[in-house]
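Structural characterization, general
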Amino acid sequence: MNAKAIPHDYAVPHSRLAQAAAMTLICVGASGCMVSDKPNWMFLPQLNAMLYSSAAESQLAAPGAATGHPVFANGKNLQLPPVGTVPRGFTPDHFAATPEGAKLAGETLTNAVPPTAENLRRGAERFAIFCSPCHGPKGYGDGEVAKKGIPGMPIGIPGVPAAQFPDGHVFHIITYGRNLMGSHASQIDAEDRWKIIHHLRVLQGKLPAPAAAGEGGAK
Ligand code: HEC
């Protein structure tokens, strides 16, 4: 088609196009650079209380305390967990976070997760992520963190004290931590903790490795 066939009126001059493009760019750019601590557009203004809510300081008096009608009956922001609730990741038995609690857990908790090949592999994977940084990939106590000064604790060698701890005792250590080792309750769910313990038994030579365990898992 011949370009000259388009009547002159319909053709947009190139300079106009460039101007429009420049204006658009400036507007978009400027709106992106505006700094505001307010929401841009309020969908439901009656919900402003949610948009501008102020966090209650845990150690201060609860809102309304001065008027005698506090939000919480005891007038405080910081509340105890409701009776009967279990902190995330902890066992309902509430073993004390003490050596006695660990010993009791060792005497009363058993590993009910079957040591199938799949569970052992999961345990090995979780061990590599959560334990090896300190205890080393095979539990020799030679992890990267241990090399930086935290005393490495060998746990994956036959005959070390950890090999004598019953499963429930190790479960308690993973859940509550011990001295320099912190609690892993919020990072590792209970089932994975039991799988990690199975893997620990593999490292300690007490369970066959998953490849040798075959279909259905180690017995
Ligand atoms: C931040 C480093 C760190 C991480 C991560 C860590 N541990 Fe520990 N662990 C330690 C230290 C340090 C000790 C020794 C604590 C003490 O002095 O009582 C320890 C002790 C232990 C013990 C007791 C050993 C004994 O002989 O008394 C066990 C079992 C154990 N850890 C298992 C684990 C498992 C399983 C994981 C992963 C879920 C893990 N740890 C993750 C640092 C760590």
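In what follows, the structure referred to is the one given above.
Reference entry: report on the structure contained in this document. (Residues numbered from 1 in each chain as written. Predicted model: local features only at pLDDT ≥ 70, side-chain atom pairs only at ≥ 80, totals over all residues. Heavy atoms only, no water.)

1. A look at the layout of surface pockets
Its boundaries defined by the atoms lining it, the largest pocket holds a volume of some 640 Å³. Taken together, 26 residues form the lining of the largest pocket, with His135, Met153, Ile155, Ile173 and Met181 sitting closest to its centre. Secondary structure elements with two or more residues in the lining of the largest pocket: helix H4 (117-130), helix H5 (132-135), helix H7 (161-164), helix H8 (167-176) and helix H9 (190-203). Ranked by residue count, the leading element in the lining of the largest pocket is H8, at three residues. Here the residues of the lining of the largest pocket are counted per class, giving 20 nonpolar, five polar and one charged. Taken as a whole, the second largest pocket spans an internal volume of roughly 160 Å³. As for the second largest pocket, its lining consists of Ala97, Thr98, Pro99, Ala102, His169, His172, Ile173, Tyr176, Gly177, Arg178 and Asn179. Broken down by element, the lining of the second largest pocket gets its largest block of residues, four residues, from H8. (1 Å grid on protein atoms, 1.4 Å probe; cavity = no way out; pocket = protein on both sides within 12 Å on 5 of 7 lines; lining within 4 Å. Points joined across faces, edges and corners; volume = space filled by probe spheres on them. Helix = DSSP H or I, 4+ residues; strand = E, 2+ residues; numbered from the N terminus. Nonpolar A, V, L, I, M, F, W, Y, C, P; charged D, E, K, R; others polar.)

2. Let's talk about the coordination of the iron atom of the ligand
Bound to the iron atom of the ligand are the protein donor atoms His135 (NE2) and Met181 (SD), situated 2.0 to 2.2 Å from the metal. Every donor counted, the six donor atoms about the iron atom of the ligand form angles of 86 to 178 degrees at the centre, which fits octahedral coordination. Of the two residues, His135 sits in helix H5 while Met181 sits in the loop between H8 and H9, which places them 46 residues apart along the sequence. Given a relative accessible area of 13%, His135 falls into the buried group. (Donors = N, O, S within 2.8 Å, 3.2 Å for Na, K, Ca; no water. Tetrahedral: all angles 85-135°; square planar, octahedral: opposite > 155°, others 65-115°. Buried < 20%, exposed > 50% of the residue type's maximum accessible area, 1.4 Å probe, protein only.)

3. Points about the site of the ligand
As a structural note, the neighbourhood of the ligand is formed by 20 residues, with Cys131, Cys134, His135, Arg178 and Met181 the closest of them. Here His135 contributes a side-chain N or O atom positioned 2.7 Å from a nitrogen atom of the ligand. Interatomic distance of 2.9 Å between a side-chain N/O atom of Asn179 and an oxygen atom of the ligand. At a threshold of 2 Å from the grid points, most atoms of the ligand map onto the largest pocket. For the shell around the ligand, the secondary structure elements donating two or more residues are H5, H7 and H8. Tallied by class, residues from the shell around the ligand come to 16 nonpolar, three polar and one charged. (Near = heavy atom within 4 Å. Polar contact = N/O pair within 3.5 Å; in protein donor to acceptor, adjacent residues only side chain to side chain. Sits in = over half its atoms within 2 Å of the grid points.)

4. Points about the side chain of His172
Mapped onto the fold, His172 is located in helix H8. With a relative accessible area of 4%, His172 lands in the buried category. Among residues more than four places away in sequence, those in contact with His172 are Phe95, Ala96, Ala97, Thr98, Gly101, Ala102, Ala105 and Gly177. (Contact = heavy atoms within 4.5 Å.)

5. Overview of H4
Here H4 is 14 residues long and its end C-alpha atoms lie 20 Å apart, about the 20 Å a rise of 1.5 Å per residue gives. Looking only at H4, the buried set comprises Ala117, Asn119, Leu120, Gly123, Arg126 and Phe127. (Expected span 1.5 Å × (residues − 1).)

6. Details of the pattern of salt bridges
A side chain with one charge can pair with a side chain of the opposite charge if their charged atoms come near. Within the structure shown, the criterion is met by seven salt bridges. When the shortest N-O distance is used, the salt bridge between Glu125 and Arg122 registers 3.6 Å. Note that Glu125 and Arg122 are positioned in helix H4 at a spacing of three residues, about one turn of the helix. For Glu125, a relative accessible area of 38% puts it in the partly exposed group. (Salt bridge = Lys/Arg side-chain N within 4 Å of Asp/Glu carboxyl O.)

7. Section: a nonpolar patch on the surface
Among the surface-exposed residues, Val145, Ile150 and Leu180 lie close enough to one another that they form a single nonpolar patch of about 250 Å² accessible area. Tracing the sequence through the fold places Leu180 in the loop between H8 and H9. Overall, Leu180 belongs to the exposed group, its relative accessible area being 63%. (Patch = residues over 30% accessible without salt bridge, like charges linked within 9 Å, V, L, I, M, F, W, Y side chains within 5 Å. Areas by Shrake-Rupley, 256 points an atom, 1.4 Å probe, with all protein chains shown as cover.)

That is the geometry; function is a separate question.
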